[in-house]
Amino acid sequence: MTHKYLKNSVGFTLIELLVAMVISTIVAAGVFLAYKGQQDTQLGQKQIVEMQQNLRAALYIMTREIRMSGYDPDGDNGAGITKMGNGTNGNPLGFTYYDDNTGALTTIEYDLYDAYNDGDMDIGRKVDGGSRQAIAENISSLQFVYLQANGSAATTFSAVRSIQVTIVATTDSGAIDHTLGNNRTLTTTITRRN
């Protein structure tokens, strides 16, 4: 009777349980790796979007102010370009313009500096001798090229008619978009109105 009971019993052997556990582990690992890959891609895309918005915002501010360089409606304030730096740390573009709202001459400088002591460079904006404030973070390169009206390089303050600005930015944590890379470059030529 005991023998008959054992023949009709239903259950799994130890080998069948081990095979099922191995298959379950492989499936779970595959699901996790797919999830992790999607999460990393999403994070990288988010950082790239933030980097591009950061670049566009900085370029908007710089364009608006550089166009005003030299604005002096009465012509007696001496407004114009004061420093023809290349944009590297300590070598700024400097200029002045008459601010109708304050009724005074405003001085602005742009160059690279490490705003947060985190090892990466940021675009600094200095107004009227105050301290520099970061307007864009994680900048690899900032370059100013000064041009005359005919498009050739300008060598004197008075000859500068436009300024070509090139900014290269990188993502915050080095996340890489494998199709486009992790750097973005924006270049524009800003024609001074005054």
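In what follows, the accompanying structure is described. Numbers given for residues are sequential positions, taken from 1 along each chain in its written order. It should be noted that, the model being predicted, local features are given only for residues of pLDDT at least 70 and side-chain atom pairs only at 80 or more, the latter also being counted only at that level, while totals for whole chains, interfaces and linings use all residues. Side-chain numbers here rest on the full set of heavy atoms in the structure, without hydrogens or water.

### Observations regarding the packing of aromatic side chains
We count it as follows: Think of it this way: a Phe, Tyr or Trp ring, Trp meaning its six-membered ring, pairs with another when their centres are within 6.5 Å, and the plane angle makes it stacked under 30 degrees, edge-to-face over 60, tilted otherwise. Under the DSSP-based scheme used, a helix requires at least four consecutive residues in state H or I and a strand at least two consecutive residues in state E, with every element numbered from the N terminus. Categorising residues by exposure relies on relative accessible area from a 1.4 Å probe, with only protein chains included: less than 20% of the type maximum marks a residue as buried, more than 50% marks it as exposed, and the intermediate range marks it as partly exposed.
Scanning all chains against the criterion turns up one aromatic pair. Ring plane angle 35 degrees and centroid distance 6.3 Å describe the contact between F95 and Y110, whose orientation is recorded as tilted. With F95 in strand β2 (residues 93-99) and Y110 in strand β3 (residues 104-113), this residue pair connects regions lying 15 residues apart in the sequence. Here F95 matches Y110 in class, with each residue buried.

### Considering the nonpolar core
Heads up, the rule is: As used in this record, nonpolar core signifies buried Ala, Val, Leu, Ile, Met, Phe, Trp, Tyr and Cys residues forming a set joined through side-chain atoms within 4.5 Å. Residue contacts are defined here by distance: any two heavy atoms, one from each residue, within 4.5 Å place the two residues in contact.
Of all hydrophobic cores here, the largest spans 30 residues; its most connected members are M62, I123 and V165. Mapped onto this core, the elements with two or more residues apiece are α2 (14-68), β2, β3, β5 (133-136), β6 (139-147) and β7 (162-170). What V165 contacts, discounting residues up to four positions off in sequence, is L59, M62, I66, L142, Q143, F144, L186, T187, T188 and I190.

### Thoughts on the pattern of salt bridges
Convention followed: Salt bridges are defined by distance alone: a side-chain nitrogen of Lys or Arg within 4 Å of a carboxyl oxygen of Asp or Glu.
Counted by the stated rule, this structure contains four salt bridges. D40 is the partner of K36 in a salt bridge, and the nearest nitrogen-oxygen pair spans 3.2 Å. In this pair, K36 and D40 both sit in helix α2, four residues apart, roughly one turn of the helix. Of the residues examined, K36 reaches a relative accessible area of 35% and is grouped as partly exposed.

### Topic: the sheet that holds strand β4 (residues 122-127)
Applicable threshold: Here a strand pair is declared whenever DSSP counts at least two bridges between the two strands. For helices, the fitted axis covers only the stretch in contact; all axes are lines through C-alpha atoms, and the angles between them, taken along N-to-C directions, range from 0 to 180 degrees.
Taken together, five strands build an open sheet; the order of strands is β1-β2-β3-β4-β5 and the sheet is antiparallel. Looking at the sheet topology across the chains shown, the edges are occupied by β1 (81-84) and β5. Shown here is a sheet whose adjacent strand axes are inclined to one another by a mean of 25 degrees, direction ignored. Sheet analysis places β4 next to β5, joined by three bridges and oriented antiparallel. For G124, the partnering residue across the bridge sits in β5 and is A134.

### So, the side chain of D72
Positionally, D72 belongs in the loop between α2 and β1. The residues contacting D72, other than those within four sequence positions of it, are N77, G78, A79 and Y98.

### Comments concerning the sheet that holds β7
An order of β6-β7-β8 is seen for the three strands of this open sheet, with the pairing classed as antiparallel. Pairing within the sheet leaves two strands with one partner each, and these edge strands are β6 and β8 (183-191). Between one strand and the next, the sheet's axes are offset by a mean angle of 10 degrees, whatever the strand orientation. Sheet topology note: the β7/β8 ladder contains nine bridges and is antiparallel. Within β8, the residue paired with Q164 across the bridge is T189. Sitting on the sheet, α2 touches β6, β7 and β8, and the angle it makes with β8 is about 15 degrees.

### Examining α2
Let me state the cut-off plainly: For a helix, the expected span equals 1.5 Å multiplied by the residue count minus one.
An ideal rise of 1.5 Å per residue puts 81 Å on 55 residues; α2 measures up with 81 Å between its terminal C-alpha atoms. By the burial criterion, the buried members of α2 are G44, Q47, I48, M51, L55, A58, L59, M62, T63, E65 and I66. Of the residues one or two after α2, G70 is the one with positive phi, at around 90 degrees.

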